[in-house]
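# Examining the three-dimensional arrangement
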2 protein chains.
Amino acid sequence: MTPVTDAAAAPEPDYAFDRETAVTARSSGVYSAVISDRWGVPGGNANGGYALSLCLRALRAELAHPDPLAVSMYYQRQVLPGPAEIHVDRGRTGRRLSFGEARLLTGGAEISRVVAAFGDIGALDGPTVVTATAPALPPVQDCIDLLDGAPATGVLQWLDFRYAERPGWHRGTPSGTARAEFWMRFADGRPADALSLPGMVDMAIPAVFEFGHFLSTTIELSVHVRGVPAPGWLACRVWTNHLQDGLHEEDFEIWDSAGTLVAQSRQLAMLIG
Amino acid sequence: MTPVTDAAAAPEPDYAFDRETAVTARSSGVYSAVISDRWGVPGGNANGGYALSLCLRALRAELAHPDPLAVSMYYQRQVLPGPAEIHVDRGRTGRRLSFGEARLLTGGAEISRVVAAFGDIGALDGPTVVTATAPALPPVQDCIDLLDGAPATGVLQWLDFRYAERPGWHRGTPSGTARAEFWMRFADGRPADALSLPGMVDMAIPAVFEFGHFLSTTIELSVHVRGVPAPGWLACRVWTNHLQDGLHEEDFEIWDSAGTLVAQSRQLAMLIG
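An account of the accompanying structure is given in this report. Throughout this description, residue numbers start from 1 for each chain and increase along the sequence as written. Ligands are numbered from 1 and chains lettered from A, in the order in which they are written. Per-residue local features are limited, in this predicted model, to residues with pLDDT of at least 70; the limit for side-chain atom pairs, both in listing and counting, is 80 or more; totals at the level of whole chains, interfaces and linings are taken over all residues. Values shown for side chains rest on all heavy atoms present in the structure; no hydrogens or waters enter the calculation.

What follows covers the packing of aromatic side chains. All names here are of chain A. Any two rings among Phe, Tyr and Trp, with Trp reduced to its six-membered ring, count as a pair given centres within 6.5 Å; such a pair is stacked if its planes are under 30 degrees apart, edge-to-face if over 60, and tilted if neither. Counted under the stated rule, the structure contains 18 aromatic pairs over all chains. When the centroid spacing of 6.0 Å and the interplanar angle of 65° are considered together, the rings of F161 and F182 count as edge-to-face. Linking F161 in strand β8 (residues 159-163) with F182 in strand β9 (residues 179-186), this pair joins segments that are 21 residues apart in sequence. The residues F161 and F182 share a single accessibility class, namely buried. Plain terms: the ring middles of F209 and F214 are 4.9 Å apart, the flat faces sit at 70° to each other, and that makes the pair edge-to-face. Per-residue accessibility, obtained with a 1.4 Å probe over protein chains only, is compared with the maximum for each type, and a residue is labelled buried under 20%, exposed over 50%, and partly exposed between these values. Residue classification places F209 among the buried residues on the basis of a relative accessible area of 13%. In this structure an aromatic cluster arises from ring pairing among F17, W39, Y50, W158 and F186. Geometrically, a lysine NZ or arginine CZ counts as sitting over a ring once it is within 6 Å of the ring centre and also within 35 degrees of the ring normal. R179 extends its terminal NZ or CZ atom over the ring of W239, reaching a point 5.4 Å from the ring centre. Here a helix means four or more residues in a row that DSSP labels H or I, a strand means two or more in a row labelled E, and each is numbered from the N terminus.

See below:
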């Protein structure tokens, strides 16, 4: 019944993300959790990035290194709110990397599986060469909130978004170009960190909305955490270039306020209906 | 001792890729294999795409659907030539998708782990919208073979490559832009298919050579197979935009001769030395 605590994060304010992704150690490698009904997406499932975050909490408690560097989640069944278990299987622990796997179960059935490589992002050293550029966004205060002050629901209620302009899909005319850039942050002021970034890449409006498709389900999501984010809003870029026979990728980049890429992801998803 | 045979692929010519990725069923979910010493990379390891292909052979034998749609491999230890075992754990089997995991072991130690979603690519239906374009390459006969007739070694001996122009790294002057487009095929005429594409994304010259770095090791590789390739040469695009603190991604796309994207991948790798 001992809540898992993170020395590096305590004492900390009572942020929603941390409170609602808490896991409790039950026995060796086994954690209990509650899949919240307040992080949902249309259709009743919990957001996939939120479900990934639960698994990362359990992995972080088990592995020798603090930060997820690479994580891949395979969504086998619907992620529905309610009590859950997370079973962690430790892989190799080396000097620079620890590997592990987490299985998320509800009602005894495995609903998703994550494999991960953890490391210590702050301790990385080696050369840096960057040939891409951060999203070219106007200052946050010059951008618009698509909600126009209306309350958000589900996963979107925990995040703030600011767009340079209103997307086509939001005006009722999907543009046919599935690409967007926008600002993002946790609404309650929680700083983004290596633990939250993998989930955050799946918490924004899908790019495929601009193809006029509004419901799809993730099969697989892989994320690389590439840096520790500087404080402030995150500049995001999301795009889908290939919807083929009902399957599409979604690429997502998160850049921090200092102009460094801090997360990069791709998912494979299937249109529903 | 029964070799695993694939009804869809038999009878087939004796292609090197199939011969050297063969796995033999030993007991429920357990396969034996030999990691060939003829698919190596500088440093003595077997090529990571080749190792992935061994695992996919075992997964295909176990899962209900024929084609890998999404696969993620985590490289925990060096993949050295010699006898190996592959342990497959089946996940959920649904109407459209089967999930599974394979662990590659040598000497009793797990050296890598693959999670995968299999499906039937030919049976997919749904809308198609594509907003990206295939590599703009001259015809194969107008392109150059970097080997200039010299014999290739290791993994490169099994593949043909043709470049529009000689890359900077090959002239001794890495360009600083880690991006290349080139033609690729199996040297012995084996047609590319859904089973071979995930490995092929890791069998070409790394993009990071153009940053002047010639040795890196893969931590994680995820591949989406997006189509069944038409016969002929494959048009490939590889790039690295972010080498940060010694870690870099590598993106890879394979387009078929009909101009359709058939595979898309990203890996996270670490420079060595």
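Residues and elements named next belong to chain A. The element strand β13 (residues 247-255) is extensively covered by neighbouring structure, given that 9 of its 9 residues are classed as buried. Going residue by residue along β13, you find L247, E249, D251, E253 and W255 tucked away on one face and H248, E250, F252 and I254 tucked away on the opposite face as well. Two strands make a pair as long as DSSP finds a minimum of two bridges between them. Where strand β11 (residues 234-239) meets β13, 5 bridges bridge the pair, whose relative direction is antiparallel. Bridged to R237 within β13 is E253. Bridge analysis of strand β12 (residues 242-244) against β13 gives 2 bridges, and the strand direction is antiparallel. Paired with Q244 across the bridge in β13 is L247.

Interpretation note: all reported values are geometric properties and have no functional meaning in isolation.
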